[in-house]
Amino acid sequence: TGIEEETVLQCDNEAVLSIGFADLVINNVTETQIGNSRKVEIVVKNQGHSVVESATLKLLDGTIYGEVVGSENITQLLPNTSVSFEFELPESKFDSGISEAARTYYITVDTQTEEYNSSNNVEELKIYPNYQISLIAGEGGTVSESAIAVKDTNVTVTATPNEGFVFDGWYENGKCLHGIPQTY
């Protein structure tokens, strides 16, 4: 006929684009201490590109297979967002009279969501006991009050001789600690 027929095809095209996996990371761990109370704040971040539908954060005592001290469920953590949890730790676990060594905890984040890097889902945490410093003055002077020292902090102790007396030295378990000044 001389007239060309034009055929138009319509399609429902649907595309799925995935640019990467989720990637949970233990982003920050902070220990705080108020009086005899110790708390650990743990921030978990999804630094990947996919949503994490669910995960479990655990604080474990001693080993990766230790007693669960605390556990929290994480639901729907979007990419590039964080969630924070706080766990309270009993002061009885940090008695420096029993041991001056750090107490070890493990933090784990478990998920069924496919992740880019799961090696950053476990972190070791060391928490140190406080140290009681007891001071006793000999005859002829006074010393500053006893104190509690927290790891990586400085505590200043001072010996003040009474009039007519001279500072002789600091003693530990009956032995003189030579070369240590009156204010230490």
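In this text, all values refer to a predicted model and were calculated from it rather than measured experimentally. (Residues numbered from 1 in each chain as written. Predicted model: local features only at pLDDT ≥ 70, side-chain atom pairs only at ≥ 80, totals over all residues. Heavy atoms only, no water.)

Draft legend 1. Highlighting the side chain of Arg 38. Summarising the element assignment, Arg 38 is placed in strand S2 (residues 37–46). Given the relative accessible area of 1%, Arg 38 is considered buried. Separated by 2.8 Å, the side chain of Arg 38 and the backbone oxygen of Tyr 128 make a polar contact. (Helix = DSSP H or I, 4+ residues; strand = E, 2+ residues; numbered from the N terminus. Buried < 20%, exposed > 50% of the residue type's maximum accessible area, 1.4 Å probe, protein only. Polar contact = N/O pair within 3.5 Å; in protein donor to acceptor, adjacent residues only side chain to side chain.)

Draft legend 2. Quick peek at the packing of aromatic side chains. Applying the stated criterion to the full structure yields one aromatic pair. Between Phe 167 and Trp 170, the ring centres sit 5.9 Å apart and the planes meet at 65°, which makes this aromatic pair edge-to-face. (Phe/Tyr/Trp six-rings, centres within 6.5 Å; stacked < 30°, edge-to-face > 60°.)

Draft legend 3. Quick look at the nonpolar core. One finds Leu 24, Ile 42, Val 44, Leu 57, Ile 74, Ile 107 and Val 109 to be the most contacted residues of the largest nonpolar core, which totals 20 residues. Elements with a contribution of two residues or more to this core: strand S1 (24–34), S2, strand S3 (52–61), strand S4 (67–77), strand S5 (81–89), strand S6 (103–111) and strand S7 (122–127). Look past the residues within four positions of Ile 107 in its chain and what remains in contact with it is Ile 26, Val 29, Ile 42, Leu 57, Lys 58, Leu 59, Asn 121, Val 122, Glu 123 and Leu 125. Of all hydrophobic cores here, the second largest spans five residues; its members include Leu 135, Ala 159, Trp 170 and Ile 180. (Core = buried A, V, L, I, M, F, W, Y, C linked by side-chain atoms within 4.5 Å. Contact = heavy atoms within 4.5 Å.)

Draft legend 4. Here's a closer look at the environment of Asn 46. Mapped onto the fold, Asn 46 is located in strand S2. Accessibility expressed as a relative area gives 0% for Asn 46, which makes it buried. Distance in space between the C-alpha atoms of Asn 46 and Val 25 is 6.4 Å, their sequence separation being 21 residues. Once residues lying within four places of it in the same chain are set aside, the contact partners of Asn 46 are Ala 22, Asp 23, Leu 24, Val 51, Val 52, Leu 77, Leu 78, Pro 79, Asn 80 and Thr 81. From its side chain, Asn 46 meets the backbone nitrogen of Asp 23 in a polar contact 3.2 Å long. For Asn 46, the side chain forms a polar contact with the main-chain oxygen of Ser 50, separated by 2.8 Å.

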